[in-house]
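Listed here are the chains, written in short residue letters.
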Amino acid sequence: MSLDPIRYQAWRTLSNISKGGVFEHELDTALARTADPRDRRFLAELVRGVTQWRDRYGHIVDTLSRRKGGTGRDVRIVLGLGLHQLLACDRVPSYAAVDQSVSLASRVTGRKTAPYVNGLLQNVARRLDAGGMDELRKLFPERETDPPAYLASWQSHPRWLVERWIDRFGFESAEALCRFNNLRPPLSLHVLGDAPIDTVVSRLTAAGLSVRPSSLAPRGLIAVTSPPRGEIAKLLADEPSLVVQDEAVQAATEFLGAGITGRILDMCAAPGGKTVHLIASHQGKATLTAMDRNHGRLRLVSETAVRSGHHPDAIVAADGRRAPFADAVYDAVLLDGPCSGTGVLRRHPEGRWRLRPESLTRNAARLLDLAREARRLLKPGGLLLYATCSLEPEENEGVVDSLLSEYPDLTPCAPADDDPGIWRRSWLPHQDGADGFFAVRLRREESV
Ligand SMILES: C[S@@+](CC[C@H](N)C(=O)[O-])C[C@H]1O[C@@H](n2cnc3c(N)ncnc32)[C@H](O)[C@@H]1O
């Protein structure tokens, strides 16, 4: 059987990533070289799937392999690709998954590994024929006797992370969270400003996209089917009042931005979802400066501003820890800072593997530095709006508690119409069915 170039391209992409290449960059480069939309979808599915299920597939290889420790990186990627086709790609017949993997193994590692790849994948195919996924699950640690090992391998997450989640949320919730992280998110849209939602929905329906209203965000729409990546760009180009934004993030932005007026600084603004959302919902009441350290990502803020017609008053490339502004000049500072992103792992198949336990304390220190600078920039009476897409207390409550103890002039501040106790909110993926998000409102008092 001749080797399919798309599978070879997927192998090369995964090989580059395994040698330190940046996931999104490697995948985008490979997709740019692939013309046919069906090929592009298959390529993306293979690269994403093998990355996401790394430890599930690794466990199968280690358990069924007689070459313990002897399976090199190149051949493990071939096996991951074969397993993903057998386990997750309904349209690929088993014989094609096995034969293509054997051809791929011969191409990338020489003929010597072909019989091994053939034997292992045939073994998995037989088990699937005999009893489907339940049969394969028997190869994994027992859910009841070793919950962390079961979640780490079967749900393919770092063990230290699932141990934390089991301690914090309990096993059932930790399992629900891991499952959620392995689902493909639906396209979630926000209708900006006061654009009429019904009209937007009619236009989307006419363009072939069915949507339902979000249950978390009043101006949110969730796609019922998933349009291909290229079509999303076209839909957005035709509909300037739409931005892609998760429904929990929309709800959090509404909560954070409630009642603010005057000069706003969006301190870590790129790619600009919240920037444009805040500008559109505060027209005539506030002006906004968008800042970020990353020049490349700031370009995305400009692009979204131009497309939507909602422009920041200024876009500034600077490190938020040394912001180029005088003391006490802003009425509100939004700090949606760099964090572990454990609330959005479903969107980043590689994100879970990049994290280390020490990432959390390192991020927390950086977030606290940014928050101190945010407070410096606030006028007395101004609002510090703190947000992360993390589920981890170090990056959330830990930073806020440190701030509150360091600065007696910072006090919790709920939106005017809310219960005064509601100055801090969080959204959990496995409970809310959306991205995980944490949001806090603090006011800098006039004088203490
Ligand atoms: C979670 S993202 C922000 C998302 C953005 N608020 C939105 O809604 O689209 C975090 C951003 O922080 C930026 N960043 C990281 N360190 C920074 C620093 N020291 N100063 C300013 N921006 C920083 C990153 O470049 C990244 O764009």
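Everything numeric here is computed off the predicted structure, so don't read it as measured data.

**Student:** Looking at this structure, I do not really get the nonpolar core. What am I missing?
**Tutor:** Taken as a class, soluble globular proteins show a tendency for nonpolar side chains to be buried jointly. In terms of nonpolar packing, the biggest core is built from 64 residues, with Leu-81, Leu-86, Val-117 and Val-124 touching the most fellow members. Residue contributions to this core peak at nine residues, all from helix 7 (residues 114-137). Residues lining this core come from more than one domain, with at least three contributed by each of domain 1 (5-140) and domain 3 (247-444). For Leu-81, the residues in contact, after removing those within four places along its chain, are Arg-7, Ala-10, Trp-11, Leu-14, Leu-46, Val-50 and Leu-104. Of all hydrophobic cores here, the second largest spans 31 residues; its members include Phe-325, Leu-335, Ala-374 and Leu-378.

**Student:** Help me understand the domain arrangement of the protein in this model?
**Tutor:** Much of the literature gives interface size as the accessible area that the parts lose upon coming together. Domain boundaries assigned for the protein yield domain 1 (5-140), domain 2 (188-244) and domain 3 (247-444). A straight line from the C-alpha centre of domain 1 to that of domain 3 covers 39 Å. A buried area of about 610 Å², summed over both sides, lies between domain 1 and domain 3, and 65% of it is on carbon and sulfur atoms. Per-residue buried area on domain 1 facing domain 3 is highest for Phe-23, Gln-52 and Arg-54; these three make up 58% of the total on that side. Elements supplying a minimum of two residues to the side of domain 1 that touches domain 3: helix 2 (23-32), helix 3 (37-52) and helix 4 (54-64). For the side of domain 1 that touches domain 3, the element with the most residues is helix 3, which contributes three residues. Across the side of domain 1 that touches domain 3, the residue classes break down as one nonpolar, two polar and four charged.

**Student:** Just checking my understanding: could you explain helix 13 (residues 247-257) for this structure?
**Tutor:** Every α-helix winds through 3.6 residues per turn, so residues three or four apart in the chain are directed the same way. Across the 11 residues that make up helix 13, a large majority, 10, are buried. Along helix 13, the residues classified as buried are Glu-247, Ala-248, Val-249, Gln-250, Ala-251, Ala-252, Thr-253, Phe-255, Leu-256 and Gly-257. The distance from a side-chain oxygen at the start of helix 13 to the backbone nitrogen of Ala-248 is 2.8 Å, and the residue carrying that oxygen is Asp-246. Of the residues flanking the end of helix 13, it is Gly-259, one or two places downstream, whose phi is positive at about 75°.

**Student:** What is the right way to read the pairing of strand 3 (residues 220-223) from this model?
**Tutor:** Successive residues of a regular strand alternate their side chains across the two faces of the sheet. Side chains Gly-220 and Ile-222 of strand 3 all project onto a buried face; the interleaved residues Leu-221 and Ala-223 project onto the opposite face, where all are buried too. One ladder, built from three bridges, connects strand 1 (residues 188-191) with strand 3; its direction is antiparallel. Across the sheet, the residue bridging to Leu-189 is Leu-221, located in strand 3. Both strand 2 (residues 211-213) and strand 3 contribute to a ladder of three bridges, which runs antiparallel. Note that in strand 3 the partner of Arg-212 across the bridge is Ile-222. Following strand 2, the chain reverses through six residues before pairing antiparallel with strand 3.

Reading guide: rules and limits
- Residues numbered from 1 in each chain as written.
- Predicted model: local features only at pLDDT ≥ 70, side-chain atom pairs only at ≥ 80, totals over all residues.
- Heavy atoms only, no water.
- Core = buried A, V, L, I, M, F, W, Y, C linked by side-chain atoms within 4.5 Å.
- Buried < 20%, exposed > 50% of the residue type's maximum accessible area, 1.4 Å probe, protein only.
- Helix = DSSP H or I, 4+ residues; strand = E, 2+ residues; numbered from the N terminus.
- Domains from an automatic or database assignment.
- Contact = heavy atoms within 4.5 Å.
- Buried area = accessible area lost by both parts, 1.4 Å probe.
- Nonpolar A, V, L, I, M, F, W, Y, C, P; charged D, E, K, R; others polar.
- Polar contact = N/O pair within 3.5 Å; in protein donor to acceptor, adjacent residues only side chain to side chain.
- Pairing = 2+ DSSP bridges.

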